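Read off the chains here:
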Amino acid sequence: MTTASPHLIAAVSLSCIITALTCNPLQAAEIDFLERFRGTWSGSGKVQREGSSQPRQVTCSVTGSPAENRISAQGTCRAALIFTRPIGVDLAYDPRSGTYHGTYTGSRIGPAQLTGTRSGDAVNLRIEWPRPVNGDKQAAMVIRNDGQGTLRITVADNLTPGGPTQQTSEIVLARR
């Protein structure tokens, strides 16, 4: 039986460690997904603030800046040329749990906490508002990026306590 040289053992060990750290296919897929958000986006949609209000037409512009295991998209939405609100999403991806968590800004009641997971082209998030909206503090947000230059953000909530969940906002943005 021959004994391997210490240099060969060290080289093989280092190679295995590098492969394990850099070639995780799940991590690579998430990095590719986050890169889809890079750049400037603009578009329009409708936002319904509460159950008793009518949906408002809005135009929005955001800039996406992905980083390692993170996406930040910041911008503004405007309604009726008199109302402008800063908006933003800051999400971190946890490769150990496969979940996203972060913050949504843009609501008149303050920043909301987001948690969820990705399925295909969509990140499905639970919104935890800082104060009750439509009788509770939860809603759902879906951020869908098809990788072809379209970014769609929808929010669903129950507009009356205990009522059915329905879409309250939809904004569709295109990469500029």
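A brief structural summary. Every residue gets a number counted from 1 within its own chain, in the order that chain's sequence is written. This being a predicted model, a pLDDT of at least 70 is required before a residue's local features are given, and a value of 80 or more before pairs of side-chain atoms are given or counted; all residues contribute to the totals for chains, interfaces and linings. Only heavy atoms go into the side-chain values, all of them from the structure, while hydrogens and water stay out.

A few words now on the overall build of the chain. If you tally the helices and strands in the chain, you get 2 helices and 10 strands. Under the scheme used here, helices are H or I runs from DSSP no shorter than 4 residues and strands are E runs no shorter than 2 residues, and both carry numbers assigned from the N terminus. What you see in the chain, going N to C, is helices and strands ordered as α-α-β-β-β-β-β-β-β-β-β-β. For every residue, the accessible area obtained with a 1.4 Å probe (protein chains only) is divided by the maximum for its type, and the residue is called buried under 20%, exposed over 50%, and partly exposed between those limits. Out of the 176 residues belonging to the chain, those deemed buried represent 33%. It only takes one pair of heavy atoms within 4.5 Å for two residues to be counted as in contact. For the chain, restricting intrachain contacts to residue pairs at least 6 apart in sequence, the fraction spanning at least 24 positions comes to 32%. Areas reported as accessible are Shrake-Rupley estimates using a 1.4 Å probe. Residue values count occlusion only from the protein chains shown. A total accessible area of about 10400 Å² is found for the chain, and carbon and sulfur atoms account for 56% of it.

Before going further, it helps to examine the pairing of strand S8 (residues 136–145). Judged from the 8 bridges that link them, strand S7 (residues 122–133) and S8 form a sheet pairing that is antiparallel. Paired with Val133 across the strands is Asp136, a residue of S8. Note on pairing: two strands pair once DSSP finds at least 2 bridges between them. The hairpin formed by S7 and S8 contains 2 residues between the paired strands, and Asn134 there has a positive phi angle of roughly 55°. Bridge count for S8 against strand S9 (residues 150–158) is 6 bridges, and the pairing is antiparallel. Within S9, the residue paired with Ile143 across the bridge is Ile153. Hairpin connection between S8 and S9: a loop of 4 residues separates the two successive antiparallel strands, and Gly147 in this loop has a positive phi of roughly 75°.

Bringing the pairing of S7 into the picture now. Along a regular strand, successive side chains alternate from one face of the sheet to the other. Where strand S6 (residues 112–119) and S7 come together, 7 bridges link them in antiparallel fashion. By the bridge assignment, Leu114 is partnered in S7 with Ile127.

Here the focus is the packing of aromatic side chains. Stacked, tilted and edge-to-face are the three classes applied to pairs of Phe, Tyr and Trp rings, where Trp contributes its six-membered ring and a pair requires centres within 6.5 Å; stacked means planes under 30 degrees apart, edge-to-face means over 60, and tilted covers the rest. Tallied over the entire structure, the rule returns 3 aromatic pairs. When the centroid spacing of 5.3 Å and the interplanar angle of 80° are considered together, the rings of Phe33 and Phe37 count as edge-to-face. In this structure Phe33 comes out as buried when scored by relative accessible area, which is 2%. Owing to a relative accessible area of 8%, Phe37 belongs among the buried residues under this scheme. Both rings, one in Tyr104 and one in Trp129, keep their centres 6.2 Å apart while their planes meet at 75°; by these two values the pair is edge-to-face. Here the residue Tyr104 occupies a position in strand S5 (residues 99–105), and Trp129 occupies one in strand S7, the gap between them amounting to 25 residues. Over a ring means this: the NZ of a Lys or the CZ of an Arg is within 6 Å of the ring centre and within 35 degrees of the ring normal. Positioned above the aromatic ring of Phe83, the side-chain terminus of Arg56 is 5.6 Å from the ring centre. Above the ring of Phe33, the side-chain terminus of Arg118 is found at 4.4 Å from the ring centroid.

Any functional reading would require information beyond the geometric quantities listed.
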